[in-house]
Amino acid sequence: MGLTIIQKILKAHTDDKTLRDFVHAKVDFCFGNDITAPLAVKAFNNAGFDKVAYPDRIGFICDHFLPARDKTAANNVKLLRDFSQKYKIKHFYDINNCGIEHVFNIEAGLVQPGKLVIGADSHTCTYGGIGSASFGVGSTDLAVAMHTGKCWFKVPQTIKFVYKGKMPKWLSGKDLMLATIGKIGVDGALYQAMEFSGPVIRKLSMDDRLAMTNMAIEAGGKAGVIEPDELTYKYLKVVQGSKFKFNKSMEKLYSDKDASYSEIIEIDVTGMSLQVACPHLPSNVKPVESLKKIKIRQSVIGSCTNGRITDLRVAAKILKNRKVKKGVRTIIFPGSYAIYRQAEKEGLLKIFAESGCIVSSPTCGPCLGGHSGILDKGESAIATTNRNFIGRMGSPESFVYLSSPAVAAASALTGNITHPEELK
Amino acid sequence: MIIKGHAHRFGNDINTDDIIAATYLDSQDPKFLGSKCMENIDKDFINRVKPGDIIVAGKNFGCGSSREHAPVSIKGCGISLVIAESFARIFFRNAINIGLPIIELKDAFKIKEKDLLEVDLSRGIIEDVSTNDKFSTQIFPEFLQEIITYGGLVSWVKGQGVTK
């Protein structure tokens, strides 16, 4: 019996000849952020560990509560800086030299196709979009992986999704993923990997692919993965520069023809509406046309899901020479400083400023109700982020609608949830 | 190990933002995190919960973020065990890793709020003392049992002598 791409990568990281149900595998890169890594450091110290196995395979990417929203947030960053100095951890990144971890880690070449990656952040599943086996874990997992270089895994089964048909105008990877989560539910892929395939995926941009794998966790998935192809390697050459080196072993990064899947689900995208996930679950998905009456007080464009350059280009295309509706707070969060600078170079930041948006520094900020865009009781937001749970962006009595950058930008202009084609 | 406590009922898809809101994640203190447990969905929960009590929930408990603060918060407010129809995977591994007992029970929906439960963890037997119902559940695979027996991942790693 053949193996799926995820099983292949896991197997390559163990000493076992055959793949068992549970493996204790070598990890190529492990990381945490300014909220999960301090807890890992605490677990590390409490355990009495006094060495890290591989200082160059550990990363601390500070992105959640930055720029430090208060003294505690500042102290957590300091704690990570001090720990990094003590254990010679090279990949410590404070705010102005990184960005949101799942955007930055790819740009910095810290994750690569075929690598086994764990991160103390649930959206670590993003890197499956470039062909890594990447899994979100907890802080104790990170502490132990820092010390031993290893992590335990249950080898997952895989659901294969095959996307076919003709992509309608404005439809994005985000819409495909929201439709998928709507179809299978928030636990539809529980404990399993989600493999996205088919002719539609092959034509999809890398930024769109990453938006899909990013949200695998929202269907309960252990990983989201797309077999790498020419486009993947071309993309990595551009964003990683000399840090990306193609090697022969990457040619084996595909699921075998006789690999076993728990299920194969076909999705026809022809005529698919733009998708919006309504409060309070990412699976509560409705076509954008049915939500015209929903008024919004805030529009958030960015995050580890949709803060990449093509996302900002789409938003800028819609916002150009138009003004944001009075009273709608429109906040753009580029995913990283590289993207921020690229957006500046392309004139996108100017478009945003002229249309009445504000451009924030790259941070997780409002996505998790941390800072820089918190909702009050009774307020609604349209957001290109990934979760709309109760209280996710602030008050437990606020409402978050998840959409693509195109819908979030169009809605910022009208103050209601809006399809971009409806704009005059 | 026998656990005895009253049930606190929760529904399906209880996510980690429900368990502990993100704004509190800059703390690593179990007592503080415990005092904010379930704040977004049930403000009164921490006033009702007594040491040793048990959370009983539906499907996909702990979905959402990877924050280990969630099981830490549950432990911190005095909960001794979480029974759910199913668990989201990162919450599942976090609970095992930090030594918060969890049980997967398809019939969890039969247990009602305030029922007194007596649970034999090693045999996977749950007795609802209030209704005289008895449930048995599959115990975890050997690999996980081992980590559970050690009381969590750190002790397991130390016990195994796993270094490189």
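What you see is a predicted model, and the numbers here were worked out from it, not measured in a lab.

A.B. asks: Just give me the short version of the overall build of chain B, but keep the residues and values in it.
C.D. replies: Counting secondary structure elements, chain B contains 7 helices and 7 strands. Start at the N end of chain B and walk to the C end: the helices and strands fall as β-α-α-α-β-α-β-α-β-β-β-β-α-α. Dimensions of chain B, computed from the C-alpha atoms along their principal axes, are close to 50 × 40 × 25 Å. Taking all 164 residues of chain B together, 49% fall into the buried category. In chain B, 66% of the contacts between residues at least 6 apart in sequence involve partners at least 24 apart.

A.B. asks: Outline the overall build of chain A, listing residues and values.
C.D. replies: Scanning chain A from terminus to terminus reveals 14 helices and 18 strands. Its C-alpha atoms give chain A a radius of gyration of 21 Å, within 12% of the compact-globule value 22 Å for 424 residues. Overall, the C-alpha framework of chain A stretches about 60 × 50 × 40 Å when taken along its three principal axes. Buried positions account for 60% of the 424 residues belonging to chain A.

A.B. asks: Please provide a residue-by-residue account of the domain arrangement of chain A, values included.
C.D. replies: All names here are of chain A. By domain assignment, chain A separates into domain 1 (5-267) and domain 2 (275-422). Of note, the centres of domain 1 and domain 2, computed from C-alpha atoms alone, are 24 Å apart. Counting from both sides, the interface comprises 35 residues of domain 1 and, opposite them, 33 residues of domain 2. For the side of domain 1 that touches domain 2, the secondary structure elements donating two or more residues are helix 4 (101-107), helix 6 (173-184) and helix 8 (206-214). The greatest single-element share of the side of domain 1 that touches domain 2, amounting to 6 residues, is contributed by helix 6.

A.B. asks: Explain the interface of chain A and chain B to me, using residue names and the numbers behind them.
C.D. replies: In this assembly, 43 residues from chain A lie in contact with 37 residues from chain B. Elements that contribute at least two residues to the side of chain A that touches chain B include exactly helix 2 (37-46), helix 3 (71-86) and helix 5 (139-148) of chain A. Looking at the side of chain A that touches chain B element by element, the count peaks at 5 residues for helix 5 of chain A. Among the residues forming the side of chain A that touches chain B, the class breakdown is 20 nonpolar, 14 polar and 9 charged.

A.B. asks: For the pairing of strand 6 (residues 133-136) of chain A, give the residues involved together with the corresponding values.
C.D. replies: Residues and elements named next belong to chain A. Neither face of strand 6 is open: one carries Ala133 and Phe135, the other Ser134 and Gly136, and all of them are buried. Pairing geometry for strand 5 (residues 116-119) and strand 6, over 4 bridges, is parallel. The residue bridging glycine 119 from the neighbouring strand is glycine 136, located in strand 6.

A.B. asks: Tell me about the nonpolar core, and please be specific about residues and values.
C.D. replies: Ranked by internal contacts, the top residues of the largest apolar core, which has 192 residues, are Tyr401 of chain A together with Val82 and Ile83 of chain B. Two domains each put at least three residues into this core: domain 1 (5-267) and domain 2 (275-422) of chain A. Not counting chain neighbours up to four residues away, the residues in contact with valine 82 of chain B comprise Ile55, Ala57, Phe61, Ile74, Ala95, Leu100 and Ile102 of chain B.

A.B. asks: Would you mind going over the environment of lysine 237 of chain A in detail, with residue names and values included?
C.D. replies: Mapped onto the secondary structure, lysine 237 of chain A falls in helix 9 (residues 230-240). The spacing of lysine 237 of chain A and glutamate 107 of chain A is 130 residues in sequence and 9.8 Å in space, taken between C-alpha atoms.

A.B. asks: Pulling in residues and values, what's your account of the sheet that holds strand 4 (residues 102-104) of chain B?
C.D. replies: Residue and element names in this part refer to chain B. Reading across the sheet, the 7 strands line up as 4-3-2-1-5-6-7 and stay open at both edges, with mixed pairing between neighbours. Taken across any chain shown, the strands that pair with only one partner, and hence form the sheet edges, are strand 4 and strand 7 (133-136). Put simply, the sheet's adjacent strands are angled 25 degrees from each other on average, direction ignored. Alignment of strand 1 (residues 2-9) against strand 5 (residues 116-120), held across 5 bridges, turns out to be antiparallel. Bridge pairing in strand 5 links histidine 6 to leucine 116.

A.B. asks: Which residues make up the sheet that holds strand 2 (residues 29-33) of chain A, and what values do they have?
C.D. replies: Residue and element names in this part refer to chain A. Reading across the sheet, the 5 strands line up as 4-3-2-5-6 and stay open at both edges, with parallel pairing between neighbours. The sheet terminates laterally at strand 4 (91-93) and strand 6, the two strands that pair on one side only. Pairwise comparison of adjacent strand axes, ignoring direction, gives a mean angle of 15 degrees for this sheet. The sheet contact formed by strand 2 and strand 3 (residues 58-61) spans 4 bridges and is parallel. The partner of phenylalanine 31 across the bridge, within strand 3, is glycine 59.

A.B. asks: Please provide a residue-by-residue account of the confidence of the model for chain B, values included.
C.D. replies: Confidence along chain B averages 94 in pLDDT terms, with 98% of residues attaining 70 or more. Per the prediction output, this complex has pTM 0.97; the corresponding ipTM is 0.95.

A.B. asks: Residue-level account of the pairing of strand 2 (residues 54-57) of chain B, with values.
C.D. replies: Residues and elements named next belong to chain B. Of the two faces of strand 2, the one lined by Ile54 and Val56 and the one lined by Ile55 and Ala57 are each fully buried. The pairing of strand 1 with strand 2 spans 3 bridges and is parallel. Bridging from a neighbouring strand, alanine 7 pairs with isoleucine 54 of strand 2. Sheet topology note: the strand 2/strand 3 (residues 81-84) ladder contains 4 bridges and is parallel. Across the sheet, residue isoleucine 55 finds its bridge partner in strand 3, namely valine 82. In this fold, the crossover linking strand 2 to strand 3 by way of helix 4 (residues 69-76) has right-handed handedness.

A.B. asks: Talk me through unusual backbone geometry; I want residue IDs and the actual numbers.
C.D. replies: The residue after leucine 66 of chain A, namely proline 67 of chain A, is reached through a cis peptide bond having omega -10 degrees. Here proline 67 of chain A is to be found in the loop between strand 3 and helix 3. Residue histidine 280 of chain A is reached from proline 279 of chain A by a cis peptide bond, and omega for that bond is 0 degrees. If you trace the backbone, histidine 280 of chain A turns up in the loop between strand 12 (275-277) and strand 13 (285-287). In this model, methionine 38 of chain B sits at a positive phi of 65 degrees, which is unusual for a non-glycine residue.

Basis of the calculations
Residues numbered from 1 in each chain as written. Chains lettered and ligands numbered in written order. Predicted model: local features only at pLDDT ≥ 70, side-chain atom pairs only at ≥ 80, totals over all residues. Helix = DSSP H or I, 4+ residues; strand = E, 2+ residues; numbered from the N terminus. Buried ≥ 20, exposed ≤ 12 C-beta atoms within 10 Å, placed from the backbone. Contact = placed C-beta atoms within 7 Å. Rg over C-alpha atoms; globule rule 2.2 N^0.38 Å. Domains from an automatic or database assignment. Nonpolar A, V, L, I, M, F, W, Y, C, P; charged D, E, K, R; others polar. Pairing = 2+ DSSP bridges. Core = buried A, V, L, I, M, F, W, Y, C linked by C-beta atoms within 7 Å. Axes fitted to C-alpha atoms, helices over the stretch in contact; angles between N-to-C directions. pLDDT = per-residue confidence, 0-100. Right-handed = clockwise from strand over helix to strand, strands pointing away.

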